[in-house]
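# Geometric and topological summary
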Amino acid sequence: MHLLRDKYIDNPITEVVIALHDALFFQNRWIDYTAYQYLQAYNLLSSLAPRETINNSSVEEAILALENNGFNTLPFGVQLDLNYIEDEVGE
């Protein structure tokens, strides 16, 4: 996964692999996923690998497929304190 990121950063499949990486390694969540989820990820990556070209739409669909299979591909999200924002607007 790191090799893909380092050597093939411009390859669209790298974006999908990094999304899966983030889902697996954030807070060691790899241990929480099931064999079926890993099989789904394998099947997804296997379907992308032989394609000659992968467009942005295919990348988005692949990442959404990971999400639909229970992988949290955006684990580093920022939590907004909406109460703080409302207080700032009210002043």
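Here's a quick rundown of the structure. Not measured: the values here are computed from a predicted model. Residue positions are given per chain, counting from 1 as you read along its sequence in written order. For a predicted model such as this one, the threshold for reporting local features is a pLDDT of at least 70, and the threshold for listing and counting side-chain atom pairs is 80 or more; totals across whole chains, interfaces and linings nevertheless cover every residue. Derived side-chain values reflect all non-hydrogen atoms in the structure, with water molecules and hydrogen atoms excluded from consideration.

## A closer look at the nonpolar core
Counting 16 residues, the largest nonpolar core has V16, L20, L48, L66 and F71 as its most contacted members. Secondary structure is summarised from DSSP: a helix means a run of H or I of at least four residues, a strand means a run of E of at least two, and numbering begins at the N terminus for each. Broken down by secondary-structure element, the contributors of at least two residues to this core are helix 2 (12–25), helix 3 (35–48) and helix 4 (56–68). Looking at this core, the element that brings in the most residues is helix 2, giving six residues. Between two residues, a contact is recorded if the distance between any of their heavy atoms is within 4.5 Å. With near-sequence residues (within four places) excluded, F71 lies in contact with L20, A23, L24, Y33, Q37, Y38, A41 and L66. Side-chain atoms within 4.5 Å are what join buried Ala, Val, Leu, Ile, Met, Phe, Trp, Tyr and Cys residues into a set we call a nonpolar core. Exposed residues in this analysis have more than 50% of their type's maximum accessible area, buried residues have under 20%, and partly exposed residues fall in between, with area computed by a 1.4 Å probe over protein chains only.

## Focus: the packing of helix 3 against helix 4
As a rule, the C-alpha atoms of each element are fitted with a line to give its axis, helices using only the stretch in contact, and angles between N-to-C directions run from 0 to 180 degrees. Following both chains from N to C, one finds helix 3 and helix 4 inclined at 170°, their axes separated by 10 Å at the closest point. The angle between helix 3 and helix 4 places the two elements in the roughly antiparallel class. Taken together, the residues of helix 4 that come into contact with helix 3 (itself represented by A41, L44 and L48) are A62, A65 and L66. Its residues assigned to classes, the contact of helix 3 with helix 4 comprises six nonpolar, no polar and no charged. Convention used here: angles under 35 degrees read as roughly parallel, angles over 145 as roughly antiparallel, angles from 65 to 115 as roughly perpendicular, and any remaining angle as oblique. Here the nonpolar group is Ala, Val, Leu, Ile, Met, Phe, Trp, Tyr, Cys and Pro; Asp, Glu, Lys and Arg are the charged ones; every other residue, Gly included, is treated as polar.

## Regarding the packing of aromatic side chains
The description of an aromatic ring pair rests on the distance of the ring centres and on the angle between the ring planes. Any two rings among Phe, Tyr and Trp, with Trp reduced to its six-membered ring, count as a pair given centres within 6.5 Å; such a pair is stacked if its planes are under 30 degrees apart, edge-to-face if over 60, and tilted if neither. Summed over the entire model, instances satisfying the criterion amount to three aromatic pairs. With 6.5 Å between their ring centres and 90° between their planes, Y33 and Y38 make a pair best called edge-to-face. For the ring pair Y38 and F71, a centre distance of 6.4 Å and an interplane angle of 70° mean the geometry is edge-to-face. Residue Y38 is found in helix 3, and its partner F71 is found in the loop between helix 4 and helix 5 (82–90); the two are separated by 33 residues along the sequence. Pairwise contacts between aromatic rings join Y33, Y38 and F71 into one cluster.

## Looking at the environment of I54
Its location among the elements puts I54 in the loop between helix 3 and helix 4. Contacts of I54, omitting those with residues within four sequence positions, involve P12, I13, L48 and V59.

## Quick word on a nonpolar patch on the surface
A grouping of M1, F25, W30, I31 and Y38 is seen on the molecular surface, where their side chains present a nonpolar patch of about 500 Å² in accessible area. Judged by its relative accessible area of 44%, F25 falls in the partly exposed class. Each patch is built from salt-bridge-free residues with over 30% relative accessible area, joining like charges within 9 Å and nonpolar side chains (Val, Leu, Ile, Met, Phe, Trp, Tyr) within 5 Å. Areas reported as accessible are Shrake-Rupley estimates using a 1.4 Å probe. Residue values count occlusion only from the protein chains shown. Within this document, salt bridges are pairs made up of a side-chain nitrogen of Lys or Arg and a carboxyl oxygen of Asp or Glu, the two lying within 4 Å of each other.

## Examining the environment of F26
Topologically, F26 is positioned in the loop between helix 2 and helix 3. Measuring from C-alpha to C-alpha, the distance between F26 and P75 comes to 6.6 Å, with 49 residues separating the pair along the chain. Contacts of F26, omitting those with residues within four sequence positions, involve P75 and F76.

## Thoughts on unusual backbone geometry
The residue Q27 is not glycine, and still its phi comes out positive at about 50°. Following the sequence through the fold, Q27 ends up in the loop between helix 2 and helix 3. The exposed category is assigned to Q27, whose relative accessible area is 59%. One non-glycine residue with positive phi stands out, namely N28, at about 50°. Positionally, N28 belongs in the loop between helix 2 and helix 3.

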